[in-house]
Amino acid sequence: MELHGRSVRQDVRELGETLGDVISSHASDISFEAVEAARTAAIDYRNGDAPDRRPLERSLRQNSEDVNTDIARAFTNYFELINLAEERERVRALRRGEHESRLGDSLRAAVETLADEGATSEAVARVLEDVRVTPTFTAHPTEARRKTVKATLQRVSDLIEELDERRLTDKEREAKLKRLDALVESLWTTRQVRERRPEPFDESRNVHWYLANVIFDVVPQVYEELEDALEAEYDDPPEVPQVLDFRSWAGSDRDGNPYVTPEVTEKTLDRQRRLVVERYQETLADIAGVLSQDATRVNVNGLPESLQTDAHAVPSVVERTNERYPDEPFRQKVAVMLERVTRVDGVQPGGYEDSAAFHDELELLTEALRNAGLDDVATEYVDPLIRQVETFGFHLAALDLRDHQQMHTGALEQALSQKNIDYTGMNEDERVEFLTDAILQDQPVLDLTDTEGLNDDASRVLHRFDALADWQREYGPEAIDMYAISMTEEPSHVLEVLFLADQAGVTSLPDHAGIDIVPLLETESALSGARHIMGTLFENDAYGQSLQARDGVQEIMLGYSDSNKENGFLAANWELDRAQRRLAQITDDYGVGLRFFHGRGGSISRGGGPMNEALLALPKETISGEVKFTQQGEAIAETYGNPRVAERELEQMLNAQVRSRHAAVTKPDDPLPNHWEDAMDTMAEAARGAYRDLLETEGFVSYFEQATPITVIEQLNLGSRPASRSGERSVEDLRAIPWVFSWTQSRCIIPGWYGLGTGIQTYLDQGGNPKVLREMYEEWPVFQTTLDNAALSLARTEMEIASKYANLAEDNLREDFFPRIQAEYETANGHVLDITQRDDLVDRPWLRESLDRRNPYVDPLNYLQINLLNQSHRTDQVERTLRLTVKGIAAGMKNTG
């Protein structure tokens, strides 16, 4: 059976030809010829038909500003279209894999694995009770495309799908191709660069689109797949509890973004509730059209009594539906439910008090349908809605609040000083004692509404906590019940948030704690000092009561981005692995449950990479079943933009977590061999030393500023958050996203591998055995995943192009830094190939094909960007073109930060 009518090569060729025709029609002849010259020169060099890139450089050097703009636009549009072609190819592979039952990391494969290992239905049920996978969407500014452009590209994607999957007549196909031509024409003539920086609420709306338009519909399909897999393996399959949850930082993450005000958070909460209610309304209206059963022909036990109960809440509605649908009690019930859901977001009384009440009504409906023998109707129409209500409630996605610890400390120093309390002068022990006593006493210390005399930052902190109590009353505690603290270094940083929550009435110990307080450990000192921080908190009377009121589970967030920026790739990965094992031991010692929140970015150097592999590589002793991880920027679009891809990603995450939890329960990890740990200690320490030596060498910041487009990236309207924390020019002050983005643009992705070569070489120089490293790669998922991810960053690095960016720096800076970087690259490259025993850094054929397809088209954008960066006096048009090259390279690399 042939599932598809097209191939990726056909899509790439036809989309490229269509774009070429559009450019020929709308651009000048000079521009069209310049685009073709650049394209041909780049391909010739990559194919070995030209000895160097001088023809490419010559083709770009003498162009007018208008021609350069057209070149940047042409290659940017090309990558936007080719990305759709490759996404379509991934969908083809998924559909073929499903059809042939050969997807190794599917839910069916996970259940088969457990069954093959002898897991009983009861054992599987216990595993599923533990499992909860929680993707958490952030607003971090790594999405480089305008919303208008994304909408056009979505239409193109839909057309490619129709051409690929539908059986069309020649006339129908021709009509689709004409529509495709029109959309590509629209794309070419649409402005690519944002004229204004998006505001936080714009970022919230972006996340909402994926939640309400893709994930909402995909979630029931994931549950159905899991249930079908269990039924295929077990005669008495276990019930599937809630295993998916979704959270968001968009509109609530205040760390480093002064524009995320309480007003923005409230608007976000309100819109999320409105969106999810609208989706329930649509679904109930659809169900009502199916539940037209005649009461004289089916058993309707339970429904009349339920409708009588409804009559107390919405009497006029019950009376109206009874008149409109006589002898159709199922339809009457759904019509009443529809009205009560509508009133959740309105001013009329009678709406459901919370989503649990709505859920109970749906359970009653499905039970009544099954009692009437209408099992298929219940399964197909009502059960999916039950899963959606379990997952999305009346809030769509729970919001996580976050701010930097300095904000809380500063706010308390100011507010308490007005009460003649010298919080500033207290040492750490005194602060812990003061905060503990203040939390446990009945009388409040602060009036959070009294912000007179406080600066803006302190006022916002107090206002936020005061508003939090109102938000929980209005939208439900489940809508916003977590608070993350960036750069947590001391126990007092956590107790400060508990104190503010107590003053707001969000927490009232010992009976009630309305938020999980989540320390974000991201610096070397915080990770190494975790026992002091967490142990002090677990032994603290106030925090202990709060923890017990939250079911005795402590969530701890690990920061991958800043850890990497501080320590380098290898040292950060090893320290994070050790930190997880230490934290698991600490919580175990105190009898506290543990949930890790992995603060991963989209790129390898910020903790990115295949999520399935990352979850499987986590230490077994850390796998409680619950796991959270951030998903951000362009990674959200790539993961959740296409429903089939989104379903697959969620299945892979659950596959990993189900298998890992079962393994953690049945086969606890043996201790790591001492010589493995010793090897990693040696390599990580040497790698960190090499990385820190690079960053701390005088002149490095200047080199970074001159040899990458960081100054352009800082001016891009990518997101609402500033690129640096304080506006100072230093690596420490710069946020991890622009740090990684800049190196990626210059094709020198040092955050993904620098120090690795030195680390491995140091181990070998000290008598280490290369066979041990190969053994570690074959048998230790942590080391394997680390090297595989580094290999991807090395493969995406192009030192010949990076050298051109290095030439932008002053001569002395170039000579000081680029040879070191190049030598480290070559050392890492050689060692990774030797350890993995591969001839190519890329061991996935589809990825190698993708890189080979893309590289000749990224090259002209890089060389154009270099030319423009080299201009000392840039006009407004040149600046716009420069920003467009940044977006084009990001699309071509399929990665920003």
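All figures in this text were calculated on a predicted structure; none of them were measured in a lab.

A few words on the side chain of Arg402. Looking at the secondary structure, you find Arg402 in strand S3 (residues 398-404). The class of Arg402 is buried, set by a relative accessible area of 6%. At 2.9 Å, the side chain of Arg402 forms a polar contact with the side chain of Asp253.

Tallied over the full model, the rule gives 30 aromatic pairs. Ring centres of Tyr423 and Phe434 lie 6.2 Å apart, and the angle between their planes is 55 degrees; this geometry places the pair in the tilted category. Of this pair, Tyr423 sits in the loop between helix H16 (405-417) and helix H17 (428-440) while Phe434 sits in helix H17, and the two are eleven residues apart along the sequence. We note that Tyr423, like Phe434, is buried. With centroids separated by 5.4 Å and ring planes inclined at 35 degrees, the aromatic side chains of Phe704 and Trp743 adopt a geometry described as tilted. Within this pair, whereas Phe704 is found in helix H29 (residues 700-707), its partner Trp743 is found in helix H31 (residues 736-745), the two being separated by 39 residues in sequence. With a relative accessible area of 1%, Trp743 lands in the buried category. Among the aromatic residues, those joined into a cluster by ring pairs are Phe137, Phe216, Phe246, Tyr280, Tyr352, Phe358, Phe392, Phe394 and Tyr640. Its guanidinium or amino end placed over the ring of Trp188, Arg73 lies 5.7 Å from that ring's centre, counting from NZ or CZ. The lysine or arginine in question, Lys628, covers the ring of Phe597, its NZ or CZ lying 4.2 Å from the ring centre.

Our focus in this paragraph is the sheet that holds strand S7 (residues 516-521). Pairing is parallel in the closed barrel, where eight strands are placed in the order S1-S2-S3-S4-S7-S8-S9-S10. The pairing of strand S8 (residues 553-559) with strand S9 (residues 593-599) spans seven bridges and is classified as parallel. Looking at S9, one finds that Val553 is bridged to Gly593.

Further remarks concern the environment of Glu566. Here Glu566 shows up in helix H23 (residues 560-567). For Glu566, a relative accessible area of 24% puts it in the partly exposed group. Along the primary structure Glu566 and Arg692 are separated by 126 residues, whereas in three dimensions their C-alpha atoms are 7.8 Å apart. When sequence neighbours within four positions are dropped, the list of residues in contact with Glu566 reads Glu522, Thr523, Glu524, Tyr691 and Arg692.

Turning our attention to the pattern of salt bridges. Summed over all chains, the structure comprises 78 salt bridges. A salt bridge links Asp253 to Arg402; its shortest N-O distance comes to 2.9 Å. Here Asp253 is found in the loop between strand S2 (247-248) and helix H10 (262-290), whereas its partner Arg402 is found in strand S3, with 149 residues between them in sequence. Each member of the pair Asp253 and Arg402 is classed as buried. Between Glu696 and Arg692 there is a salt bridge, with its nearest N and O atoms 3.0 Å apart. Within this pair, Glu696 and its partner Arg692 are both found in helix H28 (residues 674-696), separated by four residues, close to a single helical turn. When its relative accessible area of 13% is taken as the criterion, Arg692 is described as buried. A single network of salt bridges, built from pairs that share partners, joins Arg6, Asp11, Glu14, Arg88, Glu89, Arg92, Arg95, Glu161, Asp164, Glu165 and Arg644.

In terms of burial, S7 is largely enclosed, as six of its six residues are buried. The side-chain alternation of S7 yields two buried faces, one formed by Asp516, Val518 and Leu520 and the other by Ile517, Pro519 and Leu521. Looking at chain direction, strand S4 (residues 480-486) and S7 are connected through four bridges and run parallel. Looking across to S7, one finds that Ile485 is bridged to Pro519. Note: S7 against S8, two bridges, orientation parallel. Counterpart to Leu520 in the pairing with S8 is Met557.

Further remarks concern unusual backbone geometry. With an omega dihedral of 10 degrees, the bond running from Leu509 to Pro510 counts as a cis peptide bond. The topology assignment puts Pro510 in the loop between strand S5 (507-508) and strand S6 (512-513). Of note in the backbone geometry, Gln837 takes a positive phi value of approximately 60 degrees without being a glycine. By relative accessible area, Gln837 is classed as exposed at 55%.

All right, on to the side chain of Arg581 then. Along the chain, Arg581 turns up in helix H24 (residues 569-589). Ignoring sequence-local partners within four residues, the contact set of Arg581 consists of Trp574, Pro619, Glu621, Thr622, Leu672 and Glu677.

Following both chains from N to C, one finds helix H9 (residues 200-233) and helix H15 (residues 375-392) inclined at 115 degrees, their axes separated by 9 Å at the closest point. Judged by the angle between their axes, H9 and H15 are roughly perpendicular. Judged by the sense of rotation from one axis to the other, the crossing of H9 with H15 is right-handed. Contacts between H9 and H15 pair Ile215, Phe216, Asp217, Val219, Pro220, Tyr223 and Glu227 from the former with Pro384, Arg387, Gln388, Thr391 and Phe392 from the latter.

The next subject is the environment of Glu390. Residue placement: Glu390 occurs in helix H15. Residue classification places Glu390 among the partly exposed positions, given a relative accessible area of 25%. Each C-alpha atom of the pair Glu390 and Arg53 lies 57 Å from the other, and the pair is 337 residues apart in sequence. In this structure, Glu390 is in contact with Gln242 and His359, ignoring residues within four places of it in sequence.

Here is what the cut-offs are and how they apply
Residues numbered from 1 in each chain as written. Predicted model: local features only at pLDDT ≥ 70, side-chain atom pairs only at ≥ 80, totals over all residues. Heavy atoms only, no water. Helix = DSSP H or I, 4+ residues; strand = E, 2+ residues; numbered from the N terminus. Buried < 20%, exposed > 50% of the residue type's maximum accessible area, 1.4 Å probe, protein only. Polar contact = N/O pair within 3.5 Å; in protein donor to acceptor, adjacent residues only side chain to side chain. Phe/Tyr/Trp six-rings, centres within 6.5 Å; stacked < 30°, edge-to-face > 60°. Lys NZ or Arg CZ within 6 Å of the ring centre and 35° of its normal. Pairing = 2+ DSSP bridges. Contact = heavy atoms within 4.5 Å. Salt bridge = Lys/Arg side-chain N within 4 Å of Asp/Glu carboxyl O. Axes fitted to C-alpha atoms, helices over the stretch in contact; angles between N-to-C directions. Parallel < 35°, antiparallel > 145°, perpendicular 65-115°, else oblique. Left-handed = near helix turned anticlockwise from the far one by under 90°.

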